[in-house]
Amino acid sequence: RIVVSEWHMHWFYDIIESGLGETYAPSSIGLTSTQTCQLKCMYCSPQYSSSWESEIKQKGSYKLIKYDYNRTDYEITDSTNMELFWKIWPKWKKKANKITITGGEPLLSKDTWQLMDDILDGSWNPLSFVINTNLDVPPKLINNLVKQSKKIKPGILTIATSGDAFGPQLEYVRYGINCARWIKNVKKFLDGTS
């Protein structure tokens, strides 16, 4: 049984009608490139945060009334998924006009930078490239992001970052983030200064 959300239904029919099955090149891709992340956001989990994974392996999951929260009985497939992605990417990038990349923290992933390189060398011409980032990475990466973004045609690159709160509350919800540094990085990106 296949369950397809209403939002995805028109793509589902395109795939069925194409007869291409597994070789169908999607126009929109949601990609989780890495589990590597320096934060332990309270709503996240070990399969999306290497920092959470490390803590849960050391101290165990959180015992709740009906289940254990943040268990480690999952499979991390970063390298396998990305190896497969890069094998099929030469075919897909001709049709893929949008990629949304998340993680972990995508700015800590070489795959994010490779996709930007593909835009810059002209081998991929997307309509939209969205990076969901906590934007609290080392200054070198922020500076590189600013430099690379200036080279990409306006309107293509979107940096999505969110603060669930402000000040100490943000640092509580997104454990490991530095609110002042995050604000500085947001301003740096918006001002285009590296």
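Here, every reference points to the structure presented above.
What you see is a predicted model; the values in this text were computed from it and never measured.

*Asks:* Any chance you could explain the overall build of the protein here in plain terms?
*Replies:* Of regular secondary structure, the protein possesses seven helices and eight strands. Among the 194 residues that make up the protein, the fraction classed as buried is 39%. Taking contacts inside the protein between residues at least 6 apart in sequence as the whole, the part at least 24 apart equals 69%. Accessible area for the protein stands at about 11800 Å²; split by element, carbon and sulfur atoms hold 55% of it.

*Asks:* Would you mind going over the packing of aromatic side chains with me for this structure?
*Replies:* Any pair of aromatic rings gets described here by the distance separating the centres and the angle formed by the planes. Applying the stated criterion across every chain yields a total of four aromatic pairs. Seen from their ring centres, Phe85 and Trp89 are 5.2 Å apart, and the 25 degrees between their planes marks the pair as stacked. Remark: Trp89 and Phe85 occur in helix 3 (residues 78-92); sequence separation between them is four residues, near one turn of the helix. Each member of the pair Phe85 and Trp89 is classed as buried. Ring centres of Trp89 and Trp124 lie 5.2 Å apart, and the angle between their planes is 80 degrees; on these two criteria the pair is classed as edge-to-face. You can see Trp89 sitting in helix 3 and its partner Trp124 sitting in the loop between helix 4 (110-120) and strand 6 (128-132), a full 35 residues away along the chain. Take Trp89: its relative accessible area is 2%, and that puts it in the buried class. Members of the aromatic cluster, joined through ring pairs, are Phe85, Trp86, Trp89, Trp124 and Phe129.

*Asks:* Before we go on, may I ask you to explain the environment of Tyr172 in this structure?
*Replies:* You can see Tyr172 is positioned in helix 6 (residues 168-173). Taking the C-alpha atoms as reference points, Tyr172 and Lys40, 132 residues apart in sequence, are found 9.6 Å from one another.

*Asks:* Whenever I open this one, the side chain of Arg174 confuses me. Can you help?
*Replies:* Among the secondary structure elements, Arg174 is positioned in strand 8 (residues 174-175). Here Arg174 falls in the buried class, since its relative accessible area comes to 7%.

*Asks:* Looking at this structure, I do not really get unusual backbone geometry. What am I missing?
*Replies:* Glycine aside, negative phi is the norm for most residues, and most peptide bonds take the trans geometry. That bond from Gly103 to Gly104 is cis: its omega, 25 degrees, falls within 30 degrees of zero. Inspection of the secondary structure assignment puts Gly104 in the loop between strand 5 (98-102) and helix 4. The backbone of Leu135 shows a phi angle near 55 degrees, a positive value even though the residue is not glycine. With respect to the helices and strands, Leu135 occurs in the loop between strand 6 and helix 5 (139-151).

*Asks:* Sorry, what's going on with the state of the cysteines here?
*Replies:* Here a disulfide denotes one covalent bond, and it connects the sulfur atoms of two cysteines. Here the structure, examined in full by the defined rule, presents zero disulfides. A disulfide-free cysteine, Cys37 has its sulfur positioned 6.1 Å from the sulfur of Cys41, the nearest such atom. Sulfur of Cys44: no disulfide; nearest cysteine sulfur belongs to Cys41 and is 6.1 Å away.

*Asks:* Before we go on, may I ask you to explain the pattern of salt bridges in this structure?
*Replies:* When the charged atoms of two side chains lie near each other, side chains of opposite charge can form a pair. Tallied over the full model, the rule gives six salt bridges. Here Asp111 makes a salt bridge to Lys110, at a shortest N to O gap of 3.7 Å.

*Asks:* In this structure, what is going on with the nonpolar core? I would like to understand it.
*Replies:* Formed by 36 residues in total, the largest nonpolar core has its most connected members in Trp89, Ile99, Leu115 and Phe129. Residue contacts for Ile99: discarding those within four places in its chain leaves Ile29, Leu31, Phe85, Trp89, Leu115, Trp124, Ser128, Phe129 and Val130.

*Asks:* How should helix 4 be read in this particular structure?
*Replies:* Residue pairs three or four apart in sequence face the same way in an α-helix, which turns once every 3.6 residues. Buried within helix 4 we find Asp111, Thr112, Trp113, Leu115, Met116, Asp118 and Ile119. N-capping of helix 4 is provided by Ser109, with a side-chain oxygen placed 3.1 Å from the backbone N of Asp111. One or two residues past the end of helix 4 sits Gly122, with phi positive at roughly 85 degrees.

*Asks:* What exactly am I supposed to notice about the side chain of Asn185 here?
*Replies:* Within the secondary structure layout, Asn185 lies in helix 7 (residues 179-191). With a relative accessible area of 6%, Asn185 lands in the buried category. Other than its neighbours up to four places away in sequence, Asn185 contacts Leu135, Asp136, Val137 and Ile142.

Criteria and thresholds
- Residues numbered from 1 in each chain as written.
- Predicted model: local features only at pLDDT ≥ 70, side-chain atom pairs only at ≥ 80, totals over all residues.
- Heavy atoms only, no water.
- Helix = DSSP H or I, 4+ residues; strand = E, 2+ residues; numbered from the N terminus.
- Buried < 20%, exposed > 50% of the residue type's maximum accessible area, 1.4 Å probe, protein only.
- Contact = heavy atoms within 4.5 Å.
- Areas by Shrake-Rupley, 256 points an atom, 1.4 Å probe, with all protein chains shown as cover.
- Phe/Tyr/Trp six-rings, centres within 6.5 Å; stacked < 30°, edge-to-face > 60°.
- Disulfide = S-S within 2.5 Å.
- Salt bridge = Lys/Arg side-chain N within 4 Å of Asp/Glu carboxyl O.
- Core = buried A, V, L, I, M, F, W, Y, C linked by side-chain atoms within 4.5 Å.
- Polar contact = N/O pair within 3.5 Å; in protein donor to acceptor, adjacent residues only side chain to side chain.

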